[in-house]
Amino acid sequence: MPDDERTGPAKAGGQASAPFPDGFLWGAATASFQIEGSTAADGRGGSIWDTFCARPGTVANGDTGEPAADHYRLMPADVRLMAELGLRAYRFSVAWPRVRPDGGAVNAAGLDFYDRLLDELLEHGIAPWPTLYHWDLPQALEDRGGWTNRDTAHRFADYVDSVLERLGDRVSNWTTLNEPWCSAFLGYAAGVHAPGRTEPRAAVAAGHHLLLAHGEGLAVIRERAPHAGAGITLNLFPVRAHDPADEADVEAARRVDALQNRFFLDPLLRGSCPRDLLSDLEPFGLGEHVKADDAERIAAPVDLLGVNYYHDHTVTGRSDGRPAAPSPWVGAEHVRFPGRGLPRTGMGWEVVPEGLTELLVGLHREFPATPLYVTENGAAYPDVVTASGVDDPERVAYLESHLSAAHEALRRGVDLRGYFYWSLLDNFEWAEGYAKRFGLVHVDYATQRRTPKASAYRYARVIAENGL
Ligand code: FCB
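Given the structure is predicted, the values throughout are model-derived calculations rather than measurements. (Residues numbered from 1 in each chain as written. Predicted model: local features only at pLDDT ≥ 70, side-chain atom pairs only at ≥ 80, totals over all residues. Heavy atoms only, no water.)

Undergrad: Help me understand the site of the ligand, please; the structure alone is not making it clear to me.
TA: The ligand sits among Gln34, His134, Trp135, Asn178, Glu179, Tyr310, Glu376, Trp422, Glu429, Trp430 and Phe438. Note that an oxygen atom of the ligand is positioned 2.7 Å from one of the side-chain N or O atoms of glutamine 34. Computed on the free molecule, the ligand has an accessible area of 290 Å², of which 95% lies beneath the protein chains in the complex. When each cavity is represented as a set of grid points, the ligand is found to reside in the largest pocket. (Near = heavy atom within 4 Å. Polar contact = N/O pair within 3.5 Å; in protein donor to acceptor, adjacent residues only side chain to side chain. Areas by Shrake-Rupley, 256 points an atom, 1.4 Å probe, with all protein chains shown as cover. 1 Å grid on protein atoms, 1.4 Å probe; cavity = no way out; pocket = protein on both sides within 12 Å on 5 of 7 lines; lining within 4 Å. Sits in = over half its atoms within 2 Å of the grid points.)

Undergrad: Got a minute to help me understand helix H16 (residues 454-465) in this structure?
TA: Count 3.6 residues to each turn of an α-helix, and residues three or four apart come out pointing the same way. For H16, with 12 residues, the first-to-last C-alpha span of 17 Å sits near the 16 Å given by 1.5 Å per residue. Taken across its 12 residues, H16 has 11 buried, putting it largely inside the fold. Looking at H16, one finds that the buried residues are Ala454, Ser455, Ala456, Tyr457, Arg458, Tyr459, Ala460, Arg461, Val462, Ile463 and Glu465. Along its buried surface, H16 packs onto strand S1 (25-29), helix H3 (71-85), strand S11 (389-390), helix H15 (393-411), strand S12 (416-422) and strand S14 (449-452). One or two positions beyond H16, positive phi appears at asparagine 466, with a value near 50 degrees. (Helix = DSSP H or I, 4+ residues; strand = E, 2+ residues; numbered from the N terminus. Expected span 1.5 Å × (residues − 1). Buried < 20%, exposed > 50% of the residue type's maximum accessible area, 1.4 Å probe, protein only. Contact = heavy atoms within 4.5 Å.)

Undergrad: What's the story with the sheet that holds S1 in this structure? I'm lost.
TA: Each strand in a sheet pairs with its neighbour through backbone hydrogen bonds, running either in the same direction (parallel) or in the opposite one (antiparallel). The parallel closed barrel is built from eight strands, whose spatial order is S1-S2-S3-S4-S5-S7-S9-S12. Here the strands of the sheet are splayed against their neighbours by 25 degrees on average, with no regard to which way each runs. Taken together, the five bridges between strand S5 (residues 229-235) and strand S7 (residues 304-308) define a ladder with parallel strand orientation. Bridge assignment links leucine 234 to a residue of S7, and that residue is valine 307. Packed on one face of the sheet, helix H10 (residues 247-269) meets S5 and S7 and runs near 160 degrees to S5. (Pairing = 2+ DSSP bridges. Axes fitted to C-alpha atoms, helices over the stretch in contact; angles between N-to-C directions.)

Undergrad: What exactly am I supposed to notice about the packing of helix H7 (residues 151-167) against helix H9 (residues 200-224) here?
TA: In a packed pair of helices, the relevant descriptors are the angle between the two axes and the axis-to-axis distance. The geometry of H7 relative to H9 is characterised by a closest axis approach of 8 Å and an angle of 30 degrees between their N-to-C directions. As the angle between them shows, H7 and H9 are arranged roughly parallel. In this structure, H7 crosses over H9, and the sense of that crossing is right-handed. Contacts between H7 and H9 involve Ala153, His154, Phe156, Ala157, Val160, Asp161, Leu164 and Glu165 from the first element and His209, Leu212, Ala213, Glu216, Gly217, Val220, Ile221 and Arg224 from the second. Taken together, the residues that form the contact of H7 with H9 break down as nine nonpolar, three polar and four charged. (Parallel < 35°, antiparallel > 145°, perpendicular 65-115°, else oblique. Left-handed = near helix turned anticlockwise from the far one by under 90°. Nonpolar A, V, L, I, M, F, W, Y, C, P; charged D, E, K, R; others polar.)

Undergrad: What should I look at first to understand H10 in this one?
TA: When the local axis directions of H10 are compared, the greatest deviation, roughly 55 degrees, occurs at arginine 262. Regarding H10, its N-cap is aspartate 246, as a side-chain oxygen of that residue lies 2.8 Å from the backbone nitrogen of alanine 248 further along. With its phi angle positive at about 80 degrees, glycine 271 sits one or two positions after the end of H10. (Bend = angle between axes of the 7 residues up to and from the residue.)

Undergrad: Got a minute to help me understand unusual backbone geometry in this structure?
TA: Leaving glycine aside, a negative phi is the common case for residues, and trans is the common case for peptide bonds. Residues alanine 194 and proline 195 are joined by a peptide bond in cis, for which omega reads 5 degrees. Along the polypeptide, proline 195 turns up in the loop between helix H8 (180-190) and H9. The peptide bond linking tryptophan 422 to serine 423 adopts the cis configuration, its omega dihedral lying at 10 degrees. For serine 423, the location among the structural elements is in the loop between S12 and strand S13 (441-444). If you check the backbone angles, aspartate 293 has positive phi at about 80 degrees while not being a glycine. Position of aspartate 293 relative to the elements: it lies in the loop between helix H12 (286-289) and helix H13 (294-298). When its relative accessible area of 56% is taken as the criterion, aspartate 293 is described as exposed. Positive phi, normally seen in glycine, also occurs at asparagine 466, with a value near 50 degrees. By secondary structure assignment, the location of asparagine 466 is in the segment after H16. Here asparagine 466 falls in the buried class, since its relative accessible area comes to 18%.

Given below as structure tokens:
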């Protein structure tokens, strides 16, 4: 990328006032359904997101996975762009419905795309950081119960096996799942993500089976690629009571923390489900799904934990009297998240950079042996393209403040090894469709023209200087 007059020439490394450790991994992230498009190419099968998008009223503006950022066809140019930005790593996801279109037989043509992607990345000196599941479950498996069906975890292991067989020689870090909380609780309880079910019991089953799928997939990775690193990415939130003196708020915060964070962290990193959560979810059947050996399988050691951070949760247990809508907070449907008057992103999320420090410091305290990577962090804002490009000062400020927060965590001794901005490109933001833009690079969906935003130039400079 040419030096830009808005940022000045990139300085050589070592001149940053907040330097990051040598070898700190700088990357950007995307996900298959959000950027690829070409949803019917080369034998790809339908996914739960294709089905969900086709249902009226689910996704803003009736948007679908077409055209997305047309990355399936523009991939080589996109990798060049990554290299121009100086990215050292690229986090992407493999689409299960390309690899095993109906959940069964392998489709070699679907793997070809990722094979080419790995080669392009490696030729440009960019480390591939693939995630094996970022929400695009083959619809055929949903037709058999989806994540409520224990067998889906075994089908995941088969799929992982076929991916590793083909790509395992060129990847040094694998991620099993992205944000299983969203798959389970937004997908099966709140119904705002695919498959759009509003059945709390189903969500609890899905959550456990996703953890099991992680364990099964990890076992396959260990077998096929014994020298590669492997982990999982969770969306984690510091949770606080709105009024710490109010018992209802304290209890609401406990429940939200249990459902959001500890449902996943404890089985993965402690080998057991928290007692309070087991009792909260007893009426929803959690215990029924946990079989002998599951705990051991799920807790097999990981080499790292991926942390996605966007904001924190401030919770009240005081209902506002509105009729309860389907909620992801199973057993705690009345909880609310009052605002604190802080600035918000285009998603309506409060900007709380210090929450990232708190989260990382807390995780390191609880799980000191597990290296951490921020695998997503970023912001949507309503960007405007002008003749001189895309000036996005709010995103630049978001990036800088969160990198400062990560730097502070490092200063406090956290074993943080990398940071991936979400997202490289503007893309299909799930239920929000194309209306919300998270990219460092603007995408004009009509022409597929890419325009790096000022934030892209800023991030390029951070990478070049290895710090802020
Ligand atoms: C995360 C998702 C990612 C993206 C960001 C904004 O929850 O993992 O796909 O949509 O939010």
